[in-house]
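Now for the letters of each chain:
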Amino acid sequence: MSQDSAEWKSGTFSDVKEGEGFWQGVKDCIPTLLGYLSIGFAAGVVEKTSGLSMIEVALMSLLLYAGSGQFIAAGMIAASHPVSAIIFTIFFVNSRHLLLSAALAPYFRHQTSRQNLITGALLTDETFGVAVTQAQKKKKLDFKWMLGLNLAAYLNWFVANMAGGFFGQWIPNPEKYGMDFALPAMFIGLLVLQILSKKKFFIDLVVALSAILIVVAISFIFPGSTGVIVATILASAIGMVIERWK
């Protein structure tokens, strides 16, 4: 019997097995699905009004699978930007996923490389938020639970995109209805819920305020989304320093 098997037998990893599994992951994803429906619908509308076909909307939702990236791509396509600029911008904005994956990596060290690859490929801001909340209660996270969480979000996002793309032909000006603000609004809501779920949120408030100040300061020096990336790194570092100092 291998060491890992012995540890599972002895109950060392029992915190992973208890109350987890594929369908539990699907269930834990339900609170975020309404947000996915609204954001995904808005993304589909914006993509359709940018001149994309339904097949292109479907491929973008399945292959790119990134709300911010899809909004950016739709806007840049409508403005006739070159493909290279679109790819670079999306890669730069979504490079935050390297930080998200790094934050969750310690909870999946007991999984195989193939399982970690699947988990990382389907990870989003929202499923990361759910996983982090779960990780506060456990030392390790189960692959099947994470797969259920990610697949529920993935399929829901695809359906929402297709619905938005279908009805988008009758919504020529999505900005009029505030659909371009749907993604930031969802992130703000997730942040507030995450902060309020804790008894002590001093560090969270410090990190949030630091991120805002850094973004504003960087915007006077560098254009585009540079401030977002810099603020993410520096604000996280500030939070870590405060946590260690306490």
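To keep things clear, this report deals only with the structure shown in the data block.

Calculation notes
Residues numbered from 1 in each chain as written. Predicted model: local features only at pLDDT ≥ 70, side-chain atom pairs only at ≥ 80, totals over all residues. Heavy atoms only, no water. Phe/Tyr/Trp six-rings, centres within 6.5 Å; stacked < 30°, edge-to-face > 60°. Helix = DSSP H or I, 4+ residues; strand = E, 2+ residues; numbered from the N terminus. Buried < 20%, exposed > 50% of the residue type's maximum accessible area, 1.4 Å probe, protein only. Contact = heavy atoms within 4.5 Å. Salt bridge = Lys/Arg side-chain N within 4 Å of Asp/Glu carboxyl O.

On to the packing of aromatic side chains, then. Going through the model one piece at a time under the given rule, you end up with six aromatic pairs. The interplanar angle of 80° and the centroid separation of 4.8 Å between the aromatic rings of Y65 and Y154 together place this pair among those described as edge-to-face. Pair noted here: Y65 is in the loop between α4 (54-64) and α5 (67-78) and Y154 is in helix α10 (residues 143-167), with a separation of 89 residues, a long-range link. For Y65, a relative accessible area of 8% gives the class buried. Residue classification places Y154 among the buried residues on the basis of a relative accessible area of 17%.

Glancing now at the environment of F158. Turning to its location among the elements, F158 is positioned in helix α10. Classification of F158 as partly exposed rests on a relative accessible area of 25%. Each C-alpha atom of the pair F158 and G44 lies 9.3 Å from the other, and the pair is 114 residues apart in sequence. Once you skip the residues sitting within four places of it in the chain, F158 turns out to touch A58, S61 and L62.

Now for unusual backbone geometry. For Y65, which is not glycine, the phi torsion reads 45° and is therefore positive. Not every positive phi belongs to a glycine, and S80 is a case in point at roughly 60°. With respect to the element layout, S80 can be found in the loop between α5 and α6 (83-93). The exposed category is assigned to S80, whose relative accessible area is 63%.

Taken as a whole and judged by the stated rule, the model has one salt bridge. In this structure, R96 engages D125 in a salt bridge whose closest nitrogen and oxygen atoms are separated by 2.6 Å. Residue R96 is located in helix α7 (residues 96-104), and its partner D125 is located in helix α9 (residues 125-135); the two are separated by 29 residues in the primary sequence. A residue is classified by how much of its surface remains accessible, and R96, at 17% relative accessible area, is buried.

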